[in-house]
Amino acid sequence: MAWLHATPKPDPNSRRGKLENQPPPISRREQMKKDGIQPQMPPNPAPHIIGRFIEMGMTQSDGMGRTVLSWSEISAWCERTMINLPPWESRLMRELSSAYLSEGRVAESGTCPPPWRGIVTQRERDVSEANLDRLLG
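Presented here is an overview of the structure given in this document. This structure is a prediction, so every number in the text was calculated from the model and none was measured.

Moving on to the nonpolar core. The biggest cluster of nonpolar side chains holds 12 residues, and these are Ala2, Ile49, Phe53, Met56, Met58, Leu69, Ile74, Trp77, Cys78, Leu85, Met93 and Tyr100. Once residues lying within four places of it in the same chain are set aside, the contact partners of Ile74 are Met56, Leu69, Leu85, Ser90, Met93 and Arg94. Of all hydrophobic cores here, the second largest spans 8 residues; its members include Ala6, Ile37, Ala107 and Cys112.

What follows is the structure in structure tokens.
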């Protein structure tokens, strides 16, 4: 999810990175939606855990930017939802939050490959070919 939510930035030393009048950057997810591509997701054997993680907010803000979910944030979610997470699941929520933040930072590179890749759809091929034709003429 972090890879999809990331907004890729070109290398500042590249020709594209030095251009000044560029359109405002959008996330990969927004670009895929604009191109009509449905993002593929890996198999999820525990959807309830990912659902809880998303509901908790995945990260939190600390005034300096995004940070890992705090223990108090996880406890507050448990208290408000009346779901008593076992200790291993609470630790997992923090680990997922940390992994989400790490992947999000790495995924800001415009050349970062997705952490998971399914079968390439015909729509993805069409969009890639159209982009190459536009780029190369």
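To continue, consider the pattern of salt bridges. Following the criterion strictly, the structure yields 3 salt bridges and no others. Between Lys9 and Glu108 there is a salt bridge, and its shortest N-O distance comes to 3.7 Å. You can see Lys9 sitting in the loop between helix H1 (2–5) and helix H2 (15–18) and its partner Glu108 sitting in the loop between helix H6 (87–106) and helix H7 (122–136), a full 99 residues away along the chain. A relative accessible area of 44% means that Lys9 is categorised as partly exposed. Arg117 serves as the salt-bridge partner of Glu124, at 3.2 Å between the closest nitrogen and oxygen. Judged by its relative accessible area of 8%, Glu124 falls in the buried class.

Analysis parameters
Residues numbered from 1 in each chain as written. Predicted model: local features only at pLDDT ≥ 70, side-chain atom pairs only at ≥ 80, totals over all residues. Heavy atoms only, no water. Core = buried A, V, L, I, M, F, W, Y, C linked by side-chain atoms within 4.5 Å. Buried < 20%, exposed > 50% of the residue type's maximum accessible area, 1.4 Å probe, protein only. Contact = heavy atoms within 4.5 Å. Salt bridge = Lys/Arg side-chain N within 4 Å of Asp/Glu carboxyl O. Helix = DSSP H or I, 4+ residues; strand = E, 2+ residues; numbered from the N terminus.

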